[in-house]
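Next come the chains, spelled out residue by residue.
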Amino acid sequence: MSAEEKRAWVMLVVTVVSYVTYVLVILGRVGEGALAAVPYVPVLLWTVGSAIVATIVLDVALAIASPGDADRKDQRDREIYRFGEYVGRSFVVAGGVAALGMAMARLDHFWIANVIYLAFVLSSVLGSAAKIIAYRRGFQTW
């Protein structure tokens, strides 16, 4: 398994775990009130920050575990990386458009922030999955 494929796996797992943690904490705080009234900002910042730190730590650990592969990238790795990033970006664009529409409709900040966060999560998951599939099943350049 190449270092780039390992990085894709790390990104996929960390993204899913951090978002599920965020959703569970927010839903656990709802209680009797409205979902939009839950204080989401600290939880969102902690889960995003923790995901970034976890990704960096795991990338460093993988580089230490196999130092020969850490900086080695061939043409296929670069093309798969680019393909995965292009695939994932579609959700960032869709989330931005959705957030813009929600802001123009004057929806609560809770919903706008959460649609943006979900767009980033879906972008990361889809991009990482596309990279993993390309490594596992082959990759056809355009």
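Thresholds, definitions, all that
Residues numbered from 1 in each chain as written. Predicted model: local features only at pLDDT ≥ 70, side-chain atom pairs only at ≥ 80, totals over all residues. Heavy atoms only, no water. Salt bridge = Lys/Arg side-chain N within 4 Å of Asp/Glu carboxyl O. Helix = DSSP H or I, 4+ residues; strand = E, 2+ residues; numbered from the N terminus. Buried < 20%, exposed > 50% of the residue type's maximum accessible area, 1.4 Å probe, protein only. Axes fitted to C-alpha atoms, helices over the stretch in contact; angles between N-to-C directions. Parallel < 35°, antiparallel > 145°, perpendicular 65-115°, else oblique. Left-handed = near helix turned anticlockwise from the far one by under 90°. Nonpolar A, V, L, I, M, F, W, Y, C, P; charged D, E, K, R; others polar. Core = buried A, V, L, I, M, F, W, Y, C linked by side-chain atoms within 4.5 Å. Contact = heavy atoms within 4.5 Å. UniProt positions renumbered as here; feature names shortened; annotations may be inferred.

**Description of the pattern of salt bridges**
If charged atoms from side chains of opposite charge come close, those side chains can pair.
Here is step 1 of the chain: Taken as a whole and assessed by the stated rule, the structure comprises three salt bridges.
Here is step 2 of the chain: A salt bridge links R7 to E4; the nearest nitrogen and oxygen atoms lie 2.6 Å apart. Taken together, the positions of R7 and E4, both in helix 1 (residues 3–28) and three residues apart, correspond to about one turn of that helix.
Here is step 3 of the chain: Of the residues examined, R7 reaches a relative accessible area of 28% and is grouped as partly exposed.

**Brief notes about the packing of helix 3 (residues 75–104) against helix 4 (residues 109–137)**
Here is step 1 of the chain: Remark: helix 3 packs on helix 4, axes separated minimally by 8 Å, with the N-to-C direction vectors making an angle of 160°. For the element pair helix 3 / helix 4, the angle class is roughly antiparallel. For the crossing formed where helix 3 meets helix 4, the hand is right-handed.
Here is step 2 of the chain: Per-class residue counts for the contact of helix 3 with helix 4 are 21 nonpolar, six polar and five charged.

**Some remarks on the nonpolar core**
Here is step 1 of the chain: Membership of the largest hydrophobic core is limited to 10 residues, which are Y19, Y22, I26, V38, Y40, V43, L44, F110, Y117 and V121.
Here is step 2 of the chain: Taken together, the elements giving at least two residues each to this core come down to helix 1, helix 2 (41–65) and helix 4.
Here is step 3 of the chain: Ignoring any residue separated from it by four or fewer positions in sequence, one finds Y22 in contact with Y40, V43, L44, T47, N114 and Y117.

**A word on the UniProt feature "transmembrane region" (unreviewed entry) in the protein**
Here is step 1 of the chain: Residues annotated in UniProt with the feature "transmembrane region" (unreviewed entry) correspond here to residues 9–31, 43–65, 86–105 and 111–134.
Here is step 2 of the chain: Overall, residues 111–134 shows 100% helix and 0% strand. The separation of its end C-alpha atoms is 34 Å.

**Some points on the side chain of S128**
Here is step 1 of the chain: In this fold, S128 is placed in helix 4.
Here is step 2 of the chain: Non-local contacts of S128, meaning those with residues more than four positions away in its chain, are made with A8, M11 and L12.

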